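# Coordinate inspection notes
What follows is the residue order along each chain.
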Amino acid sequence: MDYPTPLPGQDPSGPPVRPLSVCHIFPALPLHGAENHFLKLCTNLDSSRIRTSILLISDGGELVPDFEALGIPVTLILKKSRYDFSIISRVRSYLKAGQFDIIHTHLFTANFWGRLAALGTDPLLISSAHNVVPKERPGLVRVENFLDRTLSLATDAIFCVTNQVLHSMARDAGLPRHKLVAIENGIPFDTGAHLPKEEARTLLGLDLERPTLAVIGRFSTQKNHVTFLQAFKKVQEQFPLLSVLLVGEGELEESVRSEVSRLGLGDSVVFMGQRRDVGRILRAIDILVVPSLWEGLPNVMLEGMAAGTPVIATRVGGIPDVLDDRDTGLLCDPDRESLTDAMTWALVHPDEMERMANNSLRLIRERYDIRTTA
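Attention in this report is confined to the structure presented alongside it. (Residues numbered from 1 in each chain as written. Predicted model: local features only at pLDDT ≥ 70, side-chain atom pairs only at ≥ 80, totals over all residues. Heavy atoms only, no water.)

## Some details on the sheet that holds strand β11 (residues 287–290)
As a reminder, the rule being used: Only strands that DSSP links by at least two bridges are regarded as paired with each other. The helix and strand labels rest on DSSP assignments: H or I over at least four residues marks a helix, E over at least two residues marks a strand, and numbering proceeds from the N terminus. In this analysis an axis means a line fitted to C-alpha atoms, helices contributing only their contacting stretch, and an angle means the value between N-to-C directions, from 0 to 180 degrees. The contact criterion used is simple: two residues touch if any of their non-hydrogen atoms lie within 4.5 Å.
Pairing is parallel in the open sheet, where six strands are placed in the order β10-β9-β8-β11-β12-β13. The sheet is open, and its two edges are formed by β10 (269–273) and β13 (330–332), each paired on a single side. Looking at each pair of strands side by side, their axes are set apart by 20 degrees on average, direction ignored. Sheet analysis places strand β9 (residues 243–247) next to β10, joined by four bridges and oriented parallel. Counterpart to leucine 245 in the pairing with β10 is valine 270. Packing of helix α9 (residues 253–262) onto the sheet brings it into contact with β9 and β10, and relative to β10 it is tilted by some 165 degrees.

Right, here's the structure in full:
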C-alpha cells in the first residue's frame, strides 16, 4: 500500500504513525452537486490514512446526518450576518485547537472566510474550484477573482475538477498556474444490472408511453431553466406527448414555475423537488438534458452516463472534457435555438442516442471511478 508523505519524525519505510487529519470547510451541506460528490468521496477514503472533519460556516444542511453516519464529525461555527468578521477569529480558534495537517476549503464563501481564518496557521492550505469563471455578472466576478488571487498567495494548492476549470482559473481568474491541480470528479457505480426502465417508470408513476426528459439541478441562473423551457416548447410542437421532469429546488423556482405557466406547459412539466433517488430517475427517463450556462464538471451528467442514459449537454466549462459530441453524447450551445435543434435531433434518432449512451457507460467505467478520485 502507498502511504501519504511521512509526517515529521515518521519512518518513511513503514506505515503512517497516524492518519493525516484534514478539515474540510464548506458554507453548508445541502443536497447539491459539490456537497453530494464530497459525501460519495468520503465513503471511498481510507480511514487508516485520512481522518476527516467538516466545518460549516453558513448553515447545516440535509447531508449532515449522512456524514455523521460515516463517523465524520461536523462542526457548525456560523456567521451571524453576511459581513460578520468575527467568524475569522472564531474559525481560527477552532482550526488551531484541531491540530489539523491540512485545511481544505470549498465554494466561494468557505474559500474566502475559511482561508482568511487559516492565514498564518501551520497546516497546508488547499482550496477547490468547482466551476469555470462565469461570464455573467462581470462586476461581481471581478471582485471575486481579485479576492481569489489575493488569497491564492497564501494557498498551497488549488484543486480543479477538470482541465477546463484549471485553464479558466489561470486565464480568467488570474490564479498562479503552478498552484493549480486538476483532479476530476468521480462517481460510484453499480457494475451489476441496472433497474429496468419500465420498472423505474412504474415506481415513479410515469406514463410508460410518453417520451420523457429530465433537467436535474438547483433552480439558479447557472442552470438555465428558462431557456431550456423555451426550447422545450418548440420541440413539443413536433413531439406533443413529450414531458420533462425538473428535479431540484432553489431561489429561482418561482420564476421557473411562472415560465411554465406562461408557455402553457403545465401538463408536460413535472416539478419533482429535491430527491435522493436520482439514480432511479435517470433510469426512468429517455434523455438527460444539462442546459447550463457555465459548469465545472456536473456530477449529474456523470451519473447519467453511468446509468446508461443518453445525455444532451451544453458546450461549457469541463463538459467537453468528458462528452465527445456524437460519440458519448450530444453537445450544443446554451441558447434556445441550439437546445431546440439538439433535443429534436435526439428524439428523431433514438438508436444513435442509445449508441452514444453505451459509449459513455464504457468511458465512465474506465475513467471516472470515484475510487480513483479518492
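Moving on, there is more to tell.
## Topic: helix α5 (residues 138–152)
What counts, and what does not: Expected span of a helix, by definition, is 1.5 Å for each gap between consecutive residues, and there is one gap fewer than residues. Throughout, exposure labels follow a simple rule: accessible area from a 1.4 Å probe, protein chains only, divided by the maximum for the residue type, with under 20% read as buried, over 50% as exposed, and the rest as partly exposed. Summarising the geometry, the arc corresponds to the directions from the helix axis toward the C-beta atoms.
Between the first and last C-alpha of α5 there are 20 Å, a value that for 15 residues agrees with the 21 Å anticipated at 1.5 Å per step. Turning to α5, its buried residues are Val141, Asn145, Asp148, Leu151 and Ser152. Angular distribution of buried residues about the axis of α5 spans 135 degrees; they occupy a single face of the element. The inward-facing, buried residues of α5 contact α4 (107–118) and β6 (157–160).

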